[in-house]
Amino acid sequence: MTIETLETVWAPRILSVLRIVAALLFFEHGTAKLFGFPASSHSPEVMSLPWIAGVLEVVGGALLVVGLFTRPVAFILSGQMAVAYWMFHHTPEKIYPLLNGGDGAILFCFIFLYLVFAGGGPWSLDALLRREG
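Our focus in this paragraph is the pattern of salt bridges. Inspection of the entire model under this criterion finds one salt bridge. Among the salt bridges present, the one from E57 reaches K33, with a minimum N-O distance of 2.7 Å. A residue pair is termed long-range when its members are at least 10 positions apart, and E57 in helix α2 (residues 49-66) and K33 in helix α1 (residues 3-35) qualify at 24 residues.

See the structure below:
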């Protein structure tokens, strides 16, 4: 296997794998908030900020899993994770992500930001629609 093969054949495929895995993990956060699965002690009130975040996580996560509207959805979710970090994790007392529990929000933020520019990869509905259209 050459570097050229890695770059031209495997890099786009692994981009799709990254999108799918990140979206499934993100989707799980939303289902825990909205549906209590997997079981969570966090059950937000309807129309509260955490509930809206749960809706974005379920809907946005599902769209990213299948790779539909990848770029705009990833843009919205990247912003959501930036807001989540600065509103709920970062405090003057705990500025380090490891200590304030914000490392996941930061990772999601930058993975989704990458997807805004890279797209969904070859294994996405976006790619399928582009080929057919």
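Having put the structure on the table, let's press on.
A word on the packing of aromatic side chains. Tallied over the entire structure, the rule returns four aromatic pairs. Between F26 and F112, the aromatic rings sit 4.9 Å apart at their centres with planes inclined by 85 degrees, giving edge-to-face as the arrangement. Linking F26 in helix α1 with F112 in helix α5 (residues 103-118), this pair joins segments that are 86 residues apart in sequence. Its relative accessible area of 1% is what places F26 among the buried residues. Accessibility expressed as a relative area gives 0% for F112, which makes it buried. A centroid spacing of 5.1 Å and a plane angle of 85 degrees characterise the contact between Y85 and W86, whose relative ring orientation is edge-to-face. Relative accessible area serves as the criterion here: at 7%, Y85 is assigned to the buried category.

Okay, the environment of G119 next. Examined against the element boundaries, G119 turns out to sit in the loop between α5 and α6 (125-132). Residue G119 is classed as buried on the basis of its relative accessible area of 5%. G119 sits 104 residues away from L15 along the chain, and the two C-alpha atoms are 8.5 Å apart. Excluding anything up to four places from it in sequence, G119 contacts L15, T70 and R71.

The rules behind these values
Residues numbered from 1 in each chain as written. Predicted model: local features only at pLDDT ≥ 70, side-chain atom pairs only at ≥ 80, totals over all residues. Heavy atoms only, no water. Salt bridge = Lys/Arg side-chain N within 4 Å of Asp/Glu carboxyl O. Helix = DSSP H or I, 4+ residues; strand = E, 2+ residues; numbered from the N terminus. Phe/Tyr/Trp six-rings, centres within 6.5 Å; stacked < 30°, edge-to-face > 60°. Buried < 20%, exposed > 50% of the residue type's maximum accessible area, 1.4 Å probe, protein only. Contact = heavy atoms within 4.5 Å.

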